[in-house]
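Architecture and fold: a report
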Amino acid sequence: MSYLPSIQKLFRYYRSLGEKAMAQVDDAGLHIQVNEDANSIAVIVKHLAGNMLSRWTDFLTTDGEKPWRNRESEFDDSFTSRDSLIQYWNQGWDCLLAAVDSLIDADLEKIVYIRNEGHTVTEAINRQLAHVPYHVGQIVFAAKMLGQNGWESLSIPKKQSEAYNAARFSAAPDRKFFTDGMETQP
């Protein structure tokens, strides 16, 4: 498997994790800020989507820090509904995925700019692939803390590692990839 299909699946996996975590939080919980230095889930979504829109709009031809981006405003919770939050989340993800899905191997060594600093396309992707899980992890952590009893684990649930491993190792070895939170064959 080449690099591009691998990162496409990883981005989709992290999108799915964020969505599954947010689905376990009530509408009010999306806006809870535990202290003045912390960000609510809604603010993390706004920042992450704003970042993706800036970085991945005209990715190969314009600087990733667009003149129209107002990063500071991304840390103000202005969502009036879950629907508006999810719509913006989807807008950011759709922009990123459309750009990544359009890349070919020959693009990977091209130079793109983020804040006037040159990166190969591979470096820019890796930068985004570090940024996204960092913030999705924050969303998952906050959702788990804010969610109702009965949190549905997004990975192997506590105290079930032995059973999971027993099932995995009792089958013939295979190579699976994760996409949309589901295991799939290469």
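Heads up: these notes are all about the structure in this document. Predicted model, so just to flag it, every value in this text is computed and none were measured.

1. A short note on the packing of aromatic side chains
Taken as a whole and judged by the stated rule, the model has four aromatic pairs. The interplanar angle of 20° and the centroid separation of 4.2 Å between the aromatic rings of Trp56 and Phe59 together place this pair among those described as stacked. The same class applies to Trp56 as to Phe59, namely buried.

2. Focus: the pairing of strand β1 (residues 111–114)
Residues of β1 alternate between two faces, with Val112 and Ile114 buried on one and Ile111 and Tyr113 left unburied on the opposite face. Bridging between β1 and strand β2 (residues 117–120) involves four bridges; their strand directions are antiparallel. Bridging across to β2, Ile111 finds its partner in Thr120. Counting the residues that bridge the hairpin from β1 to β2 gives two residues, and of these Arg115 lies at a positive phi of roughly 55°.

Conventions adopted
Residues numbered from 1 in each chain as written. Predicted model: local features only at pLDDT ≥ 70, side-chain atom pairs only at ≥ 80, totals over all residues. Heavy atoms only, no water. Phe/Tyr/Trp six-rings, centres within 6.5 Å; stacked < 30°, edge-to-face > 60°. Buried < 20%, exposed > 50% of the residue type's maximum accessible area, 1.4 Å probe, protein only. Helix = DSSP H or I, 4+ residues; strand = E, 2+ residues; numbered from the N terminus. Pairing = 2+ DSSP bridges.

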